[in-house]
Amino acid sequence: MSLTGTPFLYTLVVLCVVAVALPLALWSRVGGPRIVRGAARVLMVLFAQGTAVALVFTLVNNSNQLYDNWGDLLGTSDHVHEAADLGASGTGGIALEKLPRLRQTFKQAKGPGMRTEGGVLVTHLKGRVSGVHAEVNVWLPPQYHQPAYRNHRFPVVEVLPGYPGSSKAWYGTMDAPQQLAPLMRSGQIEPFIIVSPRTTLLPGKDTGCANIPGKVNADSWLSIDVPKMVRDNFRAQAAPDGWAVAGYSAGAHCAAKLAVAHPDRYRAAVSMSGYNDPAAVPQSLAGRSPALRAANNPYELLKDSRVPPRVALYLSGQPNDGYEAAMALRRIAKAPTTVNVVFVPTDAGGHTMALWKPQVVPAFRWLSEVMGDEQHRTGTAPGTTPLAPSTAGSRHAELANGTASPADAARRP
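Residues numbered from 1 in each chain as written. Predicted model: local features only at pLDDT ≥ 70, side-chain atom pairs only at ≥ 80, totals over all residues. Heavy atoms only, no water.

Counting secondary structure elements, the chain contains 13 helices and 11 strands. For the chain, restricting intrachain contacts to residue pairs at least 6 apart in sequence, the fraction spanning at least 24 positions comes to 73%. Taken as a whole, the chain presents about 18,100 Å² of accessible surface, with 58% of it coming from carbon and sulfur. (Helix = DSSP H or I, 4+ residues; strand = E, 2+ residues; numbered from the N terminus. Contact = heavy atoms within 4.5 Å. Areas by Shrake-Rupley, 256 points an atom, 1.4 Å probe, with all protein chains shown as cover.)

Residues Ile193, Trp221 and Val230 are the most contacted members of the largest nonpolar core, which totals 55 residues. It is helix α5 (residues 218-233) that provides the largest number of residues to this core, a total of six residues. Sequence-distant contacts of Trp221, defined by excluding residues within four places in its chain, comprise Leu125, Gly127, Ser130, Val132, Ala134, Glu135, Val136, Pro197, Arg198, Leu201, Val226 and Pro227. Counting residues in hydrophobic clusters, the runner-up holds 39 residues, among them Ala181, Ala246, Val344 and Met371. (Core = buried A, V, L, I, M, F, W, Y, C linked by side-chain atoms within 4.5 Å. Buried < 20%, exposed > 50% of the residue type's maximum accessible area, 1.4 Å probe, protein only.)

The next thing to look at is the sheet that holds strand β1 (residues 107-108). In spatial order, the strands read β1-β2-β3-β5-β4-β8-β9-β10-β11; together these nine strands make up an open sheet with mixed pairing. At either end of the open sheet lies a strand with only one pairing partner, and these are β1 and β11 (338-343). Pairing geometry for strand β8 (residues 243-248) and strand β9 (residues 268-272), over five bridges, is parallel. Note on β9: the bridge partner recorded for Tyr248 is Met272. (Pairing = 2+ DSSP bridges.)

Helix length check: helix α6 (residues 250-261) (12 residues) gives 16 Å between terminal C-alpha atoms against 16 Å at 1.5 Å per residue, within 8%. The buried fraction of α6 amounts to 11 of the 12 residues, a majority that puts the element mostly inside the structure. (Expected span 1.5 Å × (residues − 1).)

With that settled, consider the pairing of β8. Most of β8 is tucked away: six of the six residues are buried. Neither face of β8 is exposed, since Trp243, Val245 and Gly247 on one face and Ala244, Ala246 and Tyr248 on the opposite face are all buried. Taken together, the five bridges between strand β4 (residues 156-160) and β8 define a ladder with parallel strand orientation. If you follow Glu158 over to β8, its bridge partner there is Val245. Running through α6, the crossover from β8 to the neighbouring parallel element β9 is right-handed. (Right-handed = clockwise from strand over helix to strand, strands pointing away.)

Dropping the structure here:
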């Protein structure tokens with residue numbers, strides 16, 4: 001029975017009803033010695049508490065899409081087939097342009113939000129460079145199958161969840177297709193392909209999107225294997241100008257790090273409530289040593305880069321939750337690196353999906369301005385209208401005003 005499936009949820013509801021009914025019906029009828037009666041009543045109480053906790057956990061998990069299956073919850077899922085030392089480039093010396101075209105079989109994905117706005121496709125990818133074997137979800141924009149776009153190549157946004165987090169979260173809890181599809185049809189937002197690969201690759205560990213020989217090559221999985229598969233199977237634009245990466249929480253850290261580390265693979269990144277130092281998450285494998293921390297810290301990467309990367313960063317956060325890290329990146333960024341920091345007030349909510357979901361549209365408007373082709377920006381692409389300003393329709397709680405008080409500007413990297 002699936003952890004996130006309706007049958008499991010309904011089973012828990014029934015068990016909770018039974019757990020309440022049992023004491024009411026049997027409490028005074030339990031017979032036998034006192035110790036037997038006491039044990040029976042304790043078991044009824046424990047059964048009621050256990051089912052209640054299980055139901056609440058399931059509702060929270062389904063709402064936030066933290067654990068996708070029993071393996072993720074119990075820490076038994078391992079998606080790393082091998083983890084060779086791939087070197088600084090993450091390629092292991094493989095000539096990527098010479099790798100043969102990889103044809104994948106896709107099927108309709110299941111789960112909340114996976115059938116809205118055309119539906120989400122899913123495939124199981126065996127990463128030829130990273131050694132990771134895991135699912136990748138792909139959502140195609142409304143224009144993808146329109147005759148006017150039959151020769152058009154679309155920009156791509158790779159979206160990453162937090163930790164723990166499901167690869168389905170951007171389609172389900174975040175409602176990205178449902179929010180963005182109408183705006184894509186009207187030409188207000190660029191028609192992006194949205195790709196969500198699995199990021200929980202090892203049981204009970206946050207990979208920090210890092211390459212760690214002998215452990216995991218998460219960086220190469222996300223920045224090499226997944227993009228190549230998408231380009232091989234869909235009309236996707238080439239890197240770096242046609243590719244961006246976005247995430248929230250731990251996924252936000254990964255998004256900023258991947259873009260800064262690989263300006264040859266990504267043009268832009270969106271980071272919501274992210275952080276710079278991977279050691280901020282105790283479970284992060286990238287925070288286990290000073291060398292790994294530095295190699296996977298976007299602040300250190302920007303500070304030490306001899307040639308500033310040509311990437312654009314959109315960083316949103318609240319005080320003590322992403323804002324300080326964003327300001328640190330903005331202070332050290334040099335052209336052609338650009339950093340747009342959005343201050344989100346504390347009354348907009350805490351570190352939850354309720355905070356990040358309303359930021360999807362403003363973030364994709366920004367991506368459209370940064371990555372949209374000239375035809376689309378001028379409204380001459382077939383069937384489109386000019387892009388609206390990036391703040392159109394946004395509310396104060398979503399975007400604030402992108403400014404900060406001097407007191408809030410005291411930052412740590």
